[in-house]
Amino acid sequence: MSAKTKARLMRLAAYAGAAFTMAVFLSIVGYILIKGVGHLSPELFAWEYNSENVSLMPALINTLLMTALSLIVAVPLGIGAAIYLTEYARRGNRLVKLVRVTAETLSGIPSIIYGLFGSLFFVVALKMGLSLLSGALTLSIMVLPLIMRSTEEALLAVPDSYREGSFGLGAGRLRTTFKVVLPSAIPGILAGVILAIGRIVGETAALIYTAGTVPKIANSLFDSTRTLSVHMYAISQEGLYINQSYATAVVLLVIVIGINALSAWVAKKIGRSNYGKV
């Protein structure tokens, strides 16, 4: 088989894989929209939940709070660790290899294990109880390896010539990192943050053990809460609100798509404004 034929086969395989992925995505989205759009109603967006309106508004607000708290903890730690591993630690260091292996191992642990850990450590040992804070801290530990590894890969993808040029102009390592390297790596970093948001928003098992299932808006960090994914699980388990579950899925889908679009726009704006600055 000639090299040209192999190239064509590889191209066809890539196109086939992309088409299959797109078909699966569209089928899932289409199924959710068909099942759920017709059941969206004003009652689902009532401020308080009860057995008659099955409102998703408290769960929606709790989801935003849970996501924000988790990212506040995980993003600075993840990005800071990645900066140290790529910009300050000596390449080939055994500590760097150990941290990378540990992060990859943690990424493969099932979420139910994180939920059990959060239940034993945050809920019981630290006596936080089933609360918004317990759930957020558990989720921050869950997504920390993802943010750290994606940020590290984004930083490593920045050409060394950028660093060398900055050093040649007299900039120090800290200024080079924050003025040259990080702006160039922002699209990759935001990609990791988006994946983390998707995992946070879609998480159920870990939150049942740490945040609870109370369908009310959290008034404090120590109130038990219910996110949208937990809300979908809870009402679908009852078997009486299947249509409302599909409607909730539509809202969740719109939120995720909106976050992705906003993140891509922000990454493009920041990348353009900071490009070439030292």
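In short, a report on the structure. (Residues numbered from 1 in each chain as written. Predicted model: local features only at pLDDT ≥ 70, side-chain atom pairs only at ≥ 80, totals over all residues. Heavy atoms only, no water.)

## Structural notes on the overall build of the protein
Then, in step 1: Helix and strand content of the protein: 10 helices and 0 strands.
Then, in step 2: When the helices and strands of the protein are listed from N to C terminus, the series reads α-α-α-α-α-α-α-α-α-α.
Then, in step 3: Per-residue burial for the protein yields a buried fraction of 39% across its 278 residues.
Then, in step 4: Considering only contacts in the protein between residues 6 or more positions apart, those separated by 24 or more positions represent 74%.
Then, in step 5: Summing over all exposed atoms, the protein offers an accessible surface of approximately 15,200 Å²; the carbon and sulfur share of this is 68%.
Then, in step 6: Taking the average location of the 23 positive side-chain charges in the protein and that of its 12 negative ones, the two points are 14 Å from each other. (Helix = DSSP H or I, 4+ residues; strand = E, 2+ residues; numbered from the N terminus. Buried < 20%, exposed > 50% of the residue type's maximum accessible area, 1.4 Å probe, protein only. Contact = heavy atoms within 4.5 Å. Areas by Shrake-Rupley, 256 points an atom, 1.4 Å probe, with all protein chains shown as cover. Lys, Arg positive; Asp, Glu negative; His and termini not counted. Charge placed at Lys NZ, Arg CZ, Asp CG, Glu CD.)

## Details of the pattern of salt bridges
Then, in step 1: Scanning the model with the defined rule gives 6 salt bridges in all.
Then, in step 2: Residues Glu153 and Arg149 are paired through a salt bridge, measuring 3.4 Å at the closest nitrogen-oxygen approach. In this pair, Glu153 and Arg149 are both assigned in helix H5 (residues 132-156), 4 residues apart and thus about one turn of the helix distant.
Then, in step 3: Residue Glu153 is classed as partly exposed on the basis of its relative accessible area, which comes to 43%.
Then, in step 4: Residue class for Arg149 comes out buried when judged on its relative accessible area of 17%.
Then, in step 5: One salt-bridge network, in which partners are shared between bridges, spans Arg100, Glu104, Arg149, Glu152 and Glu153. (Salt bridge = Lys/Arg side-chain N within 4 Å of Asp/Glu carboxyl O.)

## Side note on helix H1 (residues 3-36)
Then, in step 1: Between its first and last C-alpha, H1 extends 49 Å over 34 residues, near the 50 Å set by a 1.5 Å rise per residue.
Then, in step 2: Of all the positions in H1, only Val29, Ile32 and Gly36 are classed as buried. (Expected span 1.5 Å × (residues − 1).)

## Digging into the packing of aromatic side chains
Then, in step 1: On inspection of all chains with the given rule, the structure shows 4 aromatic pairs.
Then, in step 2: Arranged with centres 5.0 Å apart and planes meeting at 75°, the rings of Phe121 and Phe122 form a pair that is edge-to-face.
Then, in step 3: Residue classification places Phe121 among the partly exposed residues on the basis of a relative accessible area of 36%.
Then, in step 4: Through a chain of ring-to-ring contacts, three or more aromatic side chains come together here, namely Phe117, Phe121 and Phe122.
Then, in step 5: Looking at Arg173, its charged tip hangs above the ring of Tyr88, at a distance of 5.9 Å from the centre.
Then, in step 6: We note Arg226 situated over the ring of Tyr49; from NZ or CZ to the ring centre the distance is 5.6 Å. (Phe/Tyr/Trp six-rings, centres within 6.5 Å; stacked < 30°, edge-to-face > 60°. Lys NZ or Arg CZ within 6 Å of the ring centre and 35° of its normal.)

## Here we look at the side chain of Glu87
Then, in step 1: When you line up the elements, Glu87 lands in helix H2 (residues 57-88).
Then, in step 2: At 2.8 Å, the side chain of Glu87 forms a polar contact with the side chain of Arg163.
Then, in step 3: Leave out the neighbours within four places in its chain, and Glu87 touches Leu155, Arg163, Arg173, Thr177 and Val181. (Polar contact = N/O pair within 3.5 Å; in protein donor to acceptor, adjacent residues only side chain to side chain.)

## Remarks on the environment of Thr177
Then, in step 1: Structurally, Thr177 can be placed in helix H7 (residues 173-202).
Then, in step 2: Taking the C-alpha atoms as reference points, Thr177 and Ala13, separated by 164 residues in sequence, lie 39 Å from one another.
Then, in step 3: Not counting the four nearest positions on each side in its chain, Thr177 is found in contact with Ile83, Glu87, Tyr88, Leu182 and Pro183.
Then, in step 4: Within the local environment of Thr177, its side chain forms a polar contact with the backbone oxygen of Arg173, the two atoms lying 2.8 Å apart.

## A few points about a nonpolar patch on the surface
Then, in step 1: A surface patch of nonpolar side chains, amounting to about 630 Å² of accessible area, comprises Tyr84, Tyr88, Leu95, Leu98, Leu174 and Phe178.
Then, in step 2: Mapped by element, the contributors of at least two residues to the nonpolar patch are H2, helix H3 (94-107) and H7.
Then, in step 3: Locating Tyr88 in the fold gives a position in helix H2.
Then, in step 4: Exposure remark for Tyr88: the relative accessible area of 40% places this residue in the partly exposed category. (Patch = residues over 30% accessible without salt bridge, like charges linked within 9 Å, V, L, I, M, F, W, Y side chains within 5 Å.)

## Some words on the packing of helix H4 (residues 111-125) against H5
Then, in step 1: Contact geometry of H4 with H5 gives a least axis separation of 9 Å together with a crossing angle of 135°. For the element pair H4 / H5, the angle class is oblique. Judged by the sense of rotation from one axis to the other, the crossing of H4 with H5 is right-handed. Along the contact surface, H4 presents Ser111, Tyr114, Gly115, Phe117, Gly118, Phe122 and Val123, while H5 presents Ser134, Leu137, Thr138, Ile141 and Met142.
Then, in step 2: A breakdown of the residues in the contact of H4 with H5 according to their chemical character gives 7 nonpolar, 5 polar and no charged. (Axes fitted to C-alpha atoms, helices over the stretch in contact; angles between N-to-C directions. Parallel < 35°, antiparallel > 145°, perpendicular 65-115°, else oblique. Left-handed = near helix turned anticlockwise from the far one by under 90°. Nonpolar A, V, L, I, M, F, W, Y, C, P; charged D, E, K, R; others polar.)

In short, the description is geometric, and any link to function would need to be established separately.
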